[in-house]
Amino acid sequence: MTTETGHRAKLIDGKGFAAGLRQQVANRVAALKASHGIVPGLAVVLVGDDPASEIYVRNKGRQTLEVGMQSFEHRLGAETSQQALLDLVARLNADPAVHGILVQLPLPPHIESAAVIAAIDPAKDVDGFHIQNAGLLATGGRGLVPCTPLGCLMLLKEELGDLSGLDALVLGRSNIVGKPMAHLLLAENCTVTIAHSRSRNLPDLCRRADILVAAVGRPQMVKGDWIKPGATVIDVGINRLPAPEKGQDKTRLVGDVDFEAASLKAAAITPVPGGVGPMTIAVLLANSITAAERQSARESGE
Ligand SMILES: Nc1nc2c(c(=O)[nH]1)N[C@@H](CN(C=O)c1ccc(C(=O)N[C@@H](CCC(=O)O)C(=O)O)cc1)CN2
(Lines give C-alpha, C1' and ligand atoms only; values in the text may rest on other atoms or scores of the structure.)
Protein backbone atom coordinates (compact mmCIF):
# COMPACT_ATOMS: atom_id res chain seq x y z
CA MET A 1 0.00 0.00 0.00
CA THR A 2 1.37 3.47 -0.90
CA THR A 3 0.00 7.01 -0.84
CA GLU A 4 -0.89 8.91 -4.01
CA THR A 5 2.66 10.27 -3.95
CA GLY A 6 4.04 6.78 -3.41
CA HIS A 7 5.78 7.77 -0.18
CA ARG A 8 6.82 4.97 2.13
CA ALA A 9 8.99 5.32 5.22
CA LYS A 10 12.53 3.99 5.25
CA LEU A 11 12.84 0.83 7.35
CA ILE A 12 15.28 1.18 10.24
CA ASP A 13 17.21 -2.09 10.29
CA GLY A 14 17.67 -2.89 13.99
CA LYS A 15 18.65 -6.48 13.20
CA GLY A 16 21.50 -5.35 10.95
CA PHE A 17 22.66 -2.63 13.36
CA ALA A 18 22.63 -5.16 16.23
CA ALA A 19 24.87 -7.53 14.24
CA GLY A 20 27.41 -4.71 13.76
CA LEU A 21 27.26 -3.84 17.46
CA ARG A 22 27.89 -7.48 18.44
CA GLN A 23 30.99 -7.47 16.22
CA GLN A 24 32.26 -4.35 18.04
CA VAL A 25 31.62 -6.10 21.39
CA ALA A 26 33.55 -9.18 20.19
CA ASN A 27 36.52 -6.93 19.32
CA ARG A 28 36.44 -5.31 22.78
CA VAL A 29 36.21 -8.75 24.46
CA ALA A 30 39.26 -9.93 22.51
CA ALA A 31 41.15 -6.74 23.48
CA LEU A 32 40.37 -7.18 27.20
CA LYS A 33 41.55 -10.79 27.07
CA ALA A 34 44.77 -9.75 25.31
CA SER A 35 45.56 -6.79 27.56
CA HIS A 36 44.42 -8.06 31.01
CA GLY A 37 43.81 -11.82 30.57
CA ILE A 38 40.17 -11.28 31.57
CA VAL A 39 37.26 -13.17 30.01
CA PRO A 40 34.10 -11.16 30.76
CA GLY A 41 31.29 -13.22 32.33
CA LEU A 42 27.54 -12.54 32.15
CA ALA A 43 25.15 -14.30 34.57
CA VAL A 44 21.50 -14.49 33.54
CA VAL A 45 18.90 -15.63 36.06
CA LEU A 46 15.50 -16.96 34.97
CA VAL A 47 12.83 -17.71 37.56
CA GLY A 48 9.83 -19.73 36.38
CA ASP A 49 8.80 -20.95 32.96
CA ASP A 50 7.42 -17.98 31.01
CA PRO A 51 7.82 -19.15 27.38
CA ALA A 52 8.91 -15.76 25.97
CA SER A 53 11.46 -15.25 28.78
CA GLU A 54 12.74 -18.76 28.11
CA ILE A 55 13.50 -17.79 24.48
CA TYR A 56 15.09 -14.44 25.43
CA VAL A 57 17.35 -16.12 28.03
CA ARG A 58 18.40 -18.82 25.58
CA ASN A 59 19.26 -16.16 22.97
CA LYS A 60 21.20 -14.13 25.56
CA GLY A 61 23.27 -17.20 26.50
CA ARG A 62 24.01 -18.07 22.86
CA GLN A 63 24.96 -14.52 21.84
CA THR A 64 27.12 -14.11 24.97
CA LEU A 65 29.20 -17.11 23.91
CA GLU A 66 29.33 -15.90 20.29
CA VAL A 67 31.08 -12.65 21.27
CA GLY A 68 33.65 -14.60 23.34
CA MET A 69 32.29 -13.98 26.85
CA GLN A 70 31.47 -16.58 29.49
CA SER A 71 27.78 -17.29 30.03
CA PHE A 72 26.40 -18.42 33.39
CA GLU A 73 22.74 -19.42 33.24
CA HIS A 74 20.73 -19.93 36.42
CA ARG A 75 17.27 -21.42 35.96
CA LEU A 76 15.13 -21.52 39.08
CA GLY A 77 11.66 -22.99 39.56
CA ALA A 78 8.58 -20.75 39.68
CA GLU A 79 8.16 -21.54 43.39
CA THR A 80 11.65 -20.17 44.28
CA SER A 81 11.44 -17.87 47.31
CA GLN A 82 12.53 -14.24 47.17
CA GLN A 83 15.19 -15.00 49.79
CA ALA A 84 16.66 -17.83 47.67
CA LEU A 85 16.87 -15.45 44.71
CA LEU A 86 18.50 -12.75 46.86
CA ASP A 87 21.03 -15.33 48.11
CA LEU A 88 21.91 -16.23 44.51
CA VAL A 89 22.33 -12.53 43.60
CA ALA A 90 24.66 -12.11 46.62
CA ARG A 91 26.79 -15.03 45.42
CA LEU A 92 26.97 -13.59 41.89
CA ASN A 93 27.91 -10.16 43.31
CA ALA A 94 30.84 -11.79 45.10
CA ASP A 95 31.98 -13.96 42.17
CA PRO A 96 34.99 -12.37 40.38
CA ALA A 97 34.26 -14.37 37.19
CA VAL A 98 30.88 -12.62 36.89
CA HIS A 99 31.09 -9.06 35.55
CA GLY A 100 27.43 -8.64 34.64
CA ILE A 101 24.22 -9.86 36.32
CA LEU A 102 20.75 -9.83 34.78
CA VAL A 103 17.56 -11.14 36.36
CA GLN A 104 15.05 -11.76 33.60
CA LEU A 105 11.73 -9.93 34.02
CA PRO A 106 8.90 -10.44 34.69
CA LEU A 107 9.45 -12.33 37.95
CA PRO A 108 6.69 -14.50 39.47
CA PRO A 109 4.16 -12.38 41.40
CA HIS A 110 5.35 -13.46 44.89
CA ILE A 111 8.79 -11.90 44.25
CA GLU A 112 9.25 -8.14 44.54
CA SER A 113 11.29 -7.09 41.48
CA ALA A 114 12.44 -3.84 43.12
CA ALA A 115 14.01 -5.73 46.04
CA VAL A 116 15.89 -8.06 43.70
CA ILE A 117 17.13 -5.23 41.47
CA ALA A 118 18.26 -3.29 44.55
CA ALA A 119 20.35 -6.29 45.65
CA ILE A 120 22.45 -6.35 42.45
CA ASP A 121 25.88 -4.69 42.69
CA PRO A 122 25.38 -1.49 40.61
CA ALA A 123 28.75 -2.09 38.91
CA LYS A 124 27.42 -5.45 37.63
CA ASP A 125 23.88 -4.22 36.87
CA VAL A 126 24.07 -4.62 33.09
CA ASP A 127 20.31 -4.00 32.81
CA GLY A 128 20.87 -0.51 34.25
CA PHE A 129 17.78 -0.88 36.45
CA HIS A 130 19.43 -0.32 39.87
CA ILE A 131 18.40 2.96 41.49
CA GLN A 132 22.05 4.10 41.48
CA ASN A 133 22.28 3.65 37.70
CA ALA A 134 18.84 5.23 37.21
CA GLY A 135 19.99 8.21 39.29
CA LEU A 136 23.23 8.55 37.35
CA LEU A 137 21.30 8.58 34.07
CA ALA A 138 18.91 11.21 35.41
CA THR A 139 21.76 13.43 36.59
CA GLY A 140 24.12 13.04 33.62
CA GLY A 141 26.54 10.65 35.36
CA ARG A 142 28.41 7.62 34.03
CA GLY A 143 26.43 4.52 34.98
CA LEU A 144 25.04 1.55 33.12
CA VAL A 145 22.05 2.43 30.90
CA PRO A 146 18.96 0.22 30.29
CA CYS A 147 19.42 -1.81 27.12
CA THR A 148 16.21 -1.18 25.18
CA PRO A 149 16.22 2.63 25.40
CA LEU A 150 19.95 2.80 24.73
CA GLY A 151 19.37 0.64 21.64
CA CYS A 152 16.59 3.00 20.51
CA LEU A 153 18.91 5.99 20.93
CA MET A 154 21.64 4.29 18.89
CA LEU A 155 19.15 3.71 16.05
CA LEU A 156 17.93 7.31 16.24
CA LYS A 157 21.46 8.74 16.09
CA GLU A 158 22.36 6.45 13.21
CA GLU A 159 19.26 7.65 11.35
CA LEU A 160 19.22 11.36 12.21
CA GLY A 161 22.71 12.27 13.42
CA ASP A 162 22.42 15.25 15.77
CA LEU A 163 19.10 15.21 17.66
CA SER A 164 19.46 18.70 19.17
CA GLY A 165 16.29 20.76 19.24
CA LEU A 166 14.00 18.02 17.93
CA ASP A 167 10.60 17.47 19.54
CA ALA A 168 10.53 13.95 21.01
CA LEU A 169 7.48 12.21 22.40
CA VAL A 170 7.97 9.12 24.56
CA LEU A 171 4.74 7.20 24.86
CA GLY A 172 5.04 5.10 28.03
CA ARG A 173 6.48 5.80 31.46
CA SER A 174 7.96 2.50 32.64
CA ASN A 175 11.21 2.44 34.60
CA ILE A 176 12.62 0.03 32.02
CA VAL A 177 11.93 1.96 28.81
CA GLY A 178 9.89 5.19 29.02
CA LYS A 179 11.68 7.09 31.79
CA PRO A 180 15.26 6.19 30.78
CA MET A 181 14.40 6.91 27.12
CA ALA A 182 13.21 10.38 28.08
CA HIS A 183 16.46 11.06 30.00
CA LEU A 184 18.58 9.86 27.07
CA LEU A 185 16.72 12.12 24.63
CA LEU A 186 16.99 15.05 27.02
CA ALA A 187 20.75 14.49 27.22
CA GLU A 188 20.78 14.74 23.40
CA ASN A 189 19.11 18.18 23.70
CA CYS A 190 15.68 17.10 22.47
CA THR A 191 12.55 18.79 23.77
CA VAL A 192 11.00 15.78 25.50
CA THR A 193 7.39 15.02 26.37
CA ILE A 194 6.44 11.86 28.26
CA ALA A 195 2.88 10.76 27.55
CA HIS A 196 0.93 7.74 28.76
CA SER A 197 -2.46 6.08 28.65
CA ARG A 198 -4.03 8.83 30.80
CA SER A 199 -2.58 11.74 28.80
CA ARG A 200 -5.17 14.01 27.23
CA ASN A 201 -5.06 14.70 23.49
CA LEU A 202 -2.63 11.86 22.81
CA PRO A 203 -3.08 12.07 19.00
CA ASP A 204 -2.28 15.81 19.08
CA LEU A 205 0.78 15.28 21.29
CA CYS A 206 2.05 12.64 18.87
CA ARG A 207 1.41 14.86 15.83
CA ARG A 208 3.89 17.41 17.19
CA ALA A 209 6.74 14.90 17.51
CA ASP A 210 9.74 14.75 15.18
CA ILE A 211 10.72 11.62 17.10
CA LEU A 212 8.03 9.27 18.42
CA VAL A 213 9.04 6.39 20.69
CA ALA A 214 6.08 4.09 21.39
CA ALA A 215 6.46 1.87 24.46
CA VAL A 216 2.99 1.35 25.91
CA GLY A 217 2.46 -2.37 25.29
CA ARG A 218 -0.84 -1.87 23.45
CA PRO A 219 -1.00 -3.45 20.01
CA GLN A 220 -1.20 -0.90 17.16
CA MET A 221 -2.41 1.87 19.47
CA VAL A 222 -0.61 4.64 17.54
CA LYS A 223 -2.60 5.34 14.39
CA GLY A 224 -1.28 6.58 11.06
CA ASP A 225 -2.89 10.00 11.37
CA TRP A 226 -1.12 10.53 14.74
CA ILE A 227 2.23 10.70 12.93
CA LYS A 228 3.78 14.01 11.90
CA PRO A 229 4.77 13.84 8.23
CA GLY A 230 8.50 13.14 8.07
CA ALA A 231 8.78 11.92 11.69
CA THR A 232 11.07 9.13 12.85
CA VAL A 233 9.10 6.40 14.60
CA ILE A 234 10.64 3.92 17.03
CA ASP A 235 8.29 1.09 17.97
CA VAL A 236 9.29 -0.71 21.19
CA GLY A 237 6.10 -2.80 21.42
CA ILE A 238 6.21 -6.58 21.03
CA ASN A 239 2.62 -7.83 21.05
CA ARG A 240 1.53 -11.26 19.91
CA LEU A 241 -1.85 -11.38 18.12
CA PRO A 242 -3.77 -14.44 16.89
CA ALA A 243 -3.12 -15.07 13.17
CA PRO A 244 -5.71 -17.66 12.03
CA GLU A 245 -4.72 -16.95 8.40
CA LYS A 246 -1.36 -18.62 9.19
CA GLY A 247 -3.04 -21.70 10.66
CA GLN A 248 -4.67 -22.87 13.86
CA ASP A 249 -3.14 -21.40 17.06
CA LYS A 250 -0.64 -19.36 15.01
CA THR A 251 0.29 -15.84 16.08
CA ARG A 252 2.02 -12.81 14.60
CA LEU A 253 4.00 -10.03 16.25
CA VAL A 254 2.88 -6.43 16.04
CA GLY A 255 4.21 -3.29 17.66
CA ASP A 256 2.47 -0.45 19.47
CA VAL A 257 2.22 1.43 16.14
CA ASP A 258 -0.07 0.70 13.20
CA PHE A 259 2.93 0.01 10.99
CA GLU A 260 1.25 0.09 7.57
CA ALA A 261 -0.54 3.39 8.16
CA ALA A 262 2.42 5.00 9.95
CA SER A 263 4.75 4.04 7.07
CA LEU A 264 2.74 6.33 4.79
CA LYS A 265 3.49 9.37 6.98
CA ALA A 266 6.84 8.78 8.68
CA ALA A 267 10.26 9.35 7.11
CA ALA A 268 11.67 6.30 8.90
CA ILE A 269 10.24 3.59 11.14
CA THR A 270 11.42 0.48 12.98
CA PRO A 271 9.64 -2.76 12.00
CA VAL A 272 8.37 -5.35 14.49
CA PRO A 273 10.01 -7.84 14.49
CA GLY A 274 13.53 -6.86 13.43
CA GLY A 275 13.66 -3.32 14.81
CA VAL A 276 14.20 -2.51 18.48
CA GLY A 277 13.99 -6.13 19.77
CA PRO A 278 17.37 -7.36 18.46
CA MET A 279 19.03 -4.21 19.84
CA THR A 280 18.05 -5.16 23.41
CA ILE A 281 20.36 -8.18 23.55
CA ALA A 282 23.16 -6.53 21.53
CA VAL A 283 23.21 -3.59 23.98
CA LEU A 284 23.16 -6.04 26.90
CA LEU A 285 26.41 -7.50 25.54
CA ALA A 286 27.82 -3.98 25.08
CA ASN A 287 26.91 -3.12 28.68
CA SER A 288 28.55 -6.36 29.85
CA ILE A 289 31.89 -5.61 28.20
CA THR A 290 31.67 -2.02 29.50
CA ALA A 291 31.10 -3.37 33.03
CA ALA A 292 34.04 -5.79 32.70
CA GLU A 293 36.35 -3.05 31.35
CA ARG A 294 35.44 -0.70 34.21
CA GLN A 295 35.85 -3.40 36.87
CA SER A 296 39.24 -4.40 35.47
CA ALA A 297 40.37 -0.74 35.35
CA ARG A 298 39.23 -0.20 38.96
CA GLU A 299 40.99 -3.34 40.18
CA SER A 300 44.26 -2.53 38.46
CA GLY A 301 44.08 1.11 39.62
CA GLU A 302 44.00 2.49 36.04
N1 LIG B 1 15.90 -8.17 32.81
C2 LIG B 1 15.26 -7.83 31.68
N3 LIG B 1 14.07 -8.36 31.41
C4 LIG B 1 13.43 -8.00 30.25
C5 LIG B 1 14.03 -7.11 29.34
C6 LIG B 1 15.29 -6.56 29.66
O7 LIG B 1 15.87 -5.72 28.92
N8 LIG B 1 15.88 -6.95 30.84
N9 LIG B 1 13.42 -6.84 28.11
C10 LIG B 1 12.27 -7.62 27.68
C11 LIG B 1 12.57 -8.88 26.93
N12 LIG B 1 13.81 -8.95 26.15
C13 LIG B 1 14.97 -9.15 26.80
O14 LIG B 1 15.04 -9.58 27.91
C15 LIG B 1 13.78 -9.00 24.72
C16 LIG B 1 12.64 -8.73 24.01
C17 LIG B 1 12.61 -8.87 22.60
C18 LIG B 1 13.73 -9.29 21.92
C19 LIG B 1 13.70 -9.54 20.45
O20 LIG B 1 14.72 -9.82 19.86
N21 LIG B 1 12.53 -9.49 19.80
C22 LIG B 1 12.39 -9.86 18.41
C23 LIG B 1 11.17 -10.76 18.27
C24 LIG B 1 11.31 -12.02 19.08
C25 LIG B 1 10.07 -12.89 19.02
O26 LIG B 1 9.81 -13.48 17.96
O27 LIG B 1 9.38 -13.00 20.05
C28 LIG B 1 12.17 -8.62 17.55
O29 LIG B 1 11.54 -7.67 18.02
O30 LIG B 1 12.62 -8.66 16.40
C31 LIG B 1 14.88 -9.55 22.63
C32 LIG B 1 14.90 -9.41 24.00
C33 LIG B 1 11.43 -8.04 28.89
N34 LIG B 1 12.22 -8.53 29.96
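Keep in mind the model is a prediction, meaning the values are calculated, not measured.

Observations concerning the sheet that holds strand S4 (residues 100-103)
Within a beta sheet, neighbouring strands are joined by backbone hydrogen bonds and run either parallel or antiparallel to one another. Strand order in the open sheet formed by three strands is S3-S2-S4, with parallel pairing between adjacent strands. Two strands close off the open sheet at either side, each with one partner strand: strand S3 (70-76) and S4. Across the sheet, the mean angle from the axis of one strand to that of its neighbour is 15°, orientation sign disregarded. In this structure, strand S2 (residues 41-47) lies alongside S4, joined through four bridges in parallel fashion. Looking across to S4, one finds that Val45 is bridged to Val103. Here helix H2 (residues 51-66) sits on the sheet and contacts S2 and S3; the angle it forms with S2, its principal contact strand, is near 170°. Docked against the sheet, helix H3 (residues 82-94) engages S2, S3 and S4, running at close to 175° with respect to S2.

Considerations on the site of the ligand
Around the ligand, a shell composed of 17 residues is seen, among which Tyr56, Leu105, Pro273, Gly277 and Thr280 lie nearest. Ranked by residue count, the leading element in the shell around the ligand is helix H10 (residues 276-299), at four residues. When grouped by side-chain class, the residues that make up the shell around the ligand number eleven nonpolar, five polar and one charged. Split by domain, the shell around the ligand shows at least three residues from each of two domains, domain 1 (36-122) and domain 2 (146-279).

Quick word on the UniProt feature "domain: Tetrahydrofolate dehydrogenase/cyclohydrolase NAD(P)-binding" (unreviewed entry) in the protein
This chain's UniProt record puts "domain: Tetrahydrofolate dehydrogenase/cyclohydrolase NAD(P)-binding" (unreviewed entry) on residues 146-295. In the segment residues 146-295, helix accounts for 37% and strand for 19%; the C-alpha atoms at its two ends are 18 Å apart.

Brief notes about H10
Its 24 residues give H10 an end-to-end C-alpha distance of 34 Å, which sits within 8% of 34 Å, the value for a rise of 1.5 Å per residue. Taken across its 24 residues, H10 has 18 buried, putting it largely inside the fold. Positive backbone phi, approximately 65°, marks Gly301, located one or two places after H10.

Structural notes on the pairing of strand S5 (residues 167-171)
The buried fraction of S5 is high, at four of five residues. Pairing geometry for S5 and strand S6 (residues 191-195), over five bridges, is parallel. Among the inter-strand pairings, Leu171 is bridged to a residue of S6, identified as Ala195. Sheet topology note: the S5/strand S7 (residues 211-214) ladder contains four bridges and is parallel. In the strand pairing of S7, Ala168 is matched with Ile211.

Observations concerning the pairing of S7
Here S7 shows a buried face lined by Ile211 and Val213 and a second buried face lined by Leu212 and Ala214. As paired strands, S7 and strand S8 (residues 232-235) are joined by four bridges and run parallel to one another. Each residue of the ladder has a partner; that of Ala214, found in S8, is Asp235.

Things to note about the UniProt feature "domain: Tetrahydrofolate dehydrogenase/cyclohydrolase catalytic" (unreviewed entry) in the protein
Under the local residue numbering, the UniProt record ascribes the feature "domain: Tetrahydrofolate dehydrogenase/cyclohydrolase catalytic" (unreviewed entry) to residues 12-127. Between the end C-alpha atoms of residues 12-127 there is a gap of 24 Å, over a span that is 51% helix and 16% strand.

What to know about the confidence of the model for the protein
Here the protein averages 96 in pLDDT, and 98% of its residues register 70 or above. Predicted complex, confidence summary: ipTM 0.96, pTM 0.96.

Digging into the domain arrangement of the protein
In terms of domains, the protein is made up of domain 1 (36-122) and domain 2 (146-279). Here the C-alpha centre of domain 2 lies 28 Å away from the C-alpha centre of domain 1.

Reading the values: rules and limits
- Residues numbered from 1 in each chain as written.
- Predicted model: local features only at pLDDT ≥ 70, side-chain atom pairs only at ≥ 80, totals over all residues.
- Pairing = 2+ DSSP bridges.
- Helix = DSSP H or I, 4+ residues; strand = E, 2+ residues; numbered from the N terminus.
- Axes fitted to C-alpha atoms, helices over the stretch in contact; angles between N-to-C directions.
- Contact = placed C-beta atoms within 7 Å.
- Near = placed C-beta within 6 Å.
- Nonpolar A, V, L, I, M, F, W, Y, C, P; charged D, E, K, R; others polar.
- Domains from an automatic or database assignment.
- UniProt positions renumbered as here; feature names shortened; annotations may be inferred.
- Expected span 1.5 Å × (residues − 1).
- Buried ≥ 20, exposed ≤ 12 C-beta atoms within 10 Å, placed from the backbone.
- pLDDT = per-residue confidence, 0-100.

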